[in-house]
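So you can see what is in the structure, the chains are spelled out below.
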Amino acid sequence: MPSAPAVTINPARRVSGRLEVPGDKSIAHRYALIAALADGPSRLTNFAPGADCHSTLSCLAALGVPIEEDLASRSVSLVGRGFHHWRSPAGPLDAGNSGTTMRMMTGLLAAQPFTVTLIGDESLSQRPMRRVMEPLTRMGGRIEATDGHAPLTIHGGPLHGIAFAPDVPSAQVKSAVLLAGLHADGSTTVTEPAQTRDHTERALVTFGYRIDVTGLTTTVQGGQRGMARQVSIPGDFSSAAFWLVAAAALPGSRIEIADVGLNPTRTGLLDVLRRFGARVTVTETHAEAGEPRGTIVVEADRHGSVQIAPDEVPGLIDELPAIAALAAHGGEVVVHGARELRVKESDRIATLVTGFRALGIDADEYPDGFAIRGGGPPSGGAAHARGDHRMAMAFAIAALAGSAPSRVEGSDAVIISYPGFWETLERIVA
Ligand code: S3P
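Residues numbered from 1 in each chain as written. Predicted model: local features only at pLDDT ≥ 70, side-chain atom pairs only at ≥ 80, totals over all residues. Heavy atoms only, no water.

Draft legend 1. Fine view of the sheet that holds strand β4 (residues 67-70). Reading across the sheet, the four strands line up as β4-β5-β3-β16 and stay open at both edges, with mixed pairing between neighbours. Each edge of the sheet is formed by a strand with only one pairing partner; in this case those strands are β4 and β16 (230-232). Across the sheet, the axes of successive neighbouring strands diverge by a mean angle of 15°, strand direction being ignored. Note that strand β3 (residues 39-45) and strand β5 (residues 75-81) share six bridges and pair antiparallel. Counted as the bridge partner of Arg 43 is Ser 77 from β5. (Pairing = 2+ DSSP bridges. Helix = DSSP H or I, 4+ residues; strand = E, 2+ residues; numbered from the N terminus. Axes fitted to C-alpha atoms, helices over the stretch in contact; angles between N-to-C directions.)

Here it is as structure tokens:
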């Protein structure tokens, strides 16, 4: 078996610098999908460069949506001709590693008058899909899977609206049902058990749809048509998270990140960093397409101890791997109520605890979380990302604490969300 590409991480005293991060992955998926439903040409600037959003674009291209990518300006132009002009693709649609692509596409394809199969890589083929199949089936959709997993074969047809209250807080599930609801008879309502990221709701308004949001309940009416738009995508807070954590974990550090998304359903990490003892300054500069953005500065003061409570988890679900790395340098992080981490790109609780121990860091595993306790500088070692982009980046930040160089194996996983991660890391360490 070929060995996984690996990166060596040298111990670092501190990190410093001013930077921008690539466009937001969650927002880019939504703008591409929603622009592909609209009438006319849309332009999406600062489009997320990772492989996940590329999976969404290639699925749309296979459905007959004209798409042009300009890599130099990181913009994507696509011409929507309305939902009814999507064409039956020549073969299966490949969502790659992207759960967002697979779940949101399933919502849209359930209402199309053709049959299509959605496939994914090994990791995505193990992730739970019943959570979208069940509500879409209640709406009249016909979806086949093997034991609730991809490949999914969707026999599209007419849908009707439902009132749906998922058990799991999931923006992907909420979005799949709302997108299906746009093409269903009557009204579709989703009531979430807790607030999850609301980019779909904001994007729908931007592209001219009428929706009603009251507390945790969102309603859309079927039969609406969207309008094409020119929109720019803010920097991805979840990519910024790794640098913000590094700055909070290494005393004497200062990191400034400009033009990053500040949607309050995503920024729970900032409060965690403050509780840990970092100085955090946030300057909101403006909002575009309903998404606030601005500059974040983090400076390290001291190592503290933070407990993450279950009700905080939806607001920082993708930042939990980074948060674990916070304590690798000293202090303590204890997380509960995060069982969902077990069904992400890898079982993130198991991968994280195994990897941190391999780096010489004290880590405990719980069914619904983990605890990381930093002592003196850990010995260093070799941690394997298991094909999971956020694991590779979390291990890199943790490994900066080592008393000796460490290795992150499977380092190429970062291309899913942050292709330039390793170059930026090299630039900011001292
Ligand atoms: C995402 C929602 C979250 C998150 C994922 C992206 C999205 O997943 O973990 O990385 O773009 O909607 P769930 O909706 O499954 O919690």
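Draft legend 2. Representation of the domain arrangement of the protein in the model. Domain assignment breaks the protein into domain 1 (6-23 + 234-428) and domain 2 (25-232). Inter-centroid distance (C-alpha atoms) of domain 1 to domain 2 is 28 Å. Facing 28 residues of domain 1, the contacting portion of domain 2 comprises 27 residues. For the pair domain 1 and domain 2, the two sides together bury roughly 2300 Å², of which 48% comes from carbon and sulfur. The partner of Glu 340 in a salt bridge is Arg 131, with the nearest N and O atoms 2.9 Å apart. Among the elements of the structure, β19 (291-299) and α11 (389-399) are those that each provide at least two residues to the side of domain 1 that touches domain 2. (Domains from an automatic or database assignment. Contact = heavy atoms within 4.5 Å. Buried area = accessible area lost by both parts, 1.4 Å probe. Salt bridge = Lys/Arg side-chain N within 4 Å of Asp/Glu carboxyl O.)

Draft legend 3. Inspection of the pattern of salt bridges at higher detail. For the coordinates displayed, the defined rule picks out 28 salt bridges. Between Asp 318 and Arg 197 there is a salt bridge, with the nearest N and O atoms lying 3.1 Å from each other. Linking Asp 318 in the loop between β20 (305-308) and α9 (320-326) with Arg 197 in the loop between β13 (187-191) and α6 (199-206), this pair joins segments that are 121 residues apart in sequence. You'll find Asp 318 and Arg 197 in the same group, each marked buried. Close ionic contact of Arg 348 with Asp 388 constitutes a salt bridge, the shortest N to O distance being 2.9 Å. Residue Arg 348 is found in helix α10 (residues 348-358), and its partner Asp 388 is found in the loop between β24 (382-384) and α11; the two are separated by 40 residues along the sequence. Where salt bridges share partners, they join Arg 18, Arg 254, Glu 256, Arg 279, Glu 299 and Asp 301 into one cluster. (Buried < 20%, exposed > 50% of the residue type's maximum accessible area, 1.4 Å probe, protein only.)

Draft legend 4. Focus on α10. Within α10 the residues assigned to the buried category are Arg 348, Ile 349, Thr 351, Leu 352, Val 353, Gly 355 and Phe 356. Considering only its buried residues, α10 is in contact with α9, β22 (362-366), β23 (369-374), β24 and α11. Between the side-chain oxygen at the start of α10 and the backbone nitrogen of Ile 349 there is a gap of 3.2 Å, and the oxygen is on Asp 347. Within two residues after α10, Gly 360 carries a phi angle of roughly 90°, on the positive side. (Polar contact = N/O pair within 3.5 Å; in protein donor to acceptor, adjacent residues only side chain to side chain.)

Draft legend 5. Representation of the site of the ligand. In the vicinity of the ligand, the contacting residues are Ser 26, Arg 30, Thr 100, Arg 103, Ser 170, Ala 171, Gln 172, Arg 197, Ile 317, Asp 318 and Lys 344. Interatomic distance of 2.6 Å between a side-chain N/O atom of Asp 318 and an oxygen atom of the ligand. A distance of 2.7 Å is found between an oxygen atom of the ligand and a side-chain nitrogen or oxygen belonging to Lys 344. Protein contacts shield 94% of the accessible area of the ligand, which totals 380 Å² for the unbound molecule. Across the shell around the ligand, the residue classes break down as two nonpolar, four polar and five charged. When we break the shell around the ligand down by domain, the ones giving at least three residues each are domain 1 (6-23 + 234-428) and domain 2 (25-232). (Near = heavy atom within 4 Å. Areas by Shrake-Rupley, 256 points an atom, 1.4 Å probe, with all protein chains shown as cover. Nonpolar A, V, L, I, M, F, W, Y, C, P; charged D, E, K, R; others polar.)

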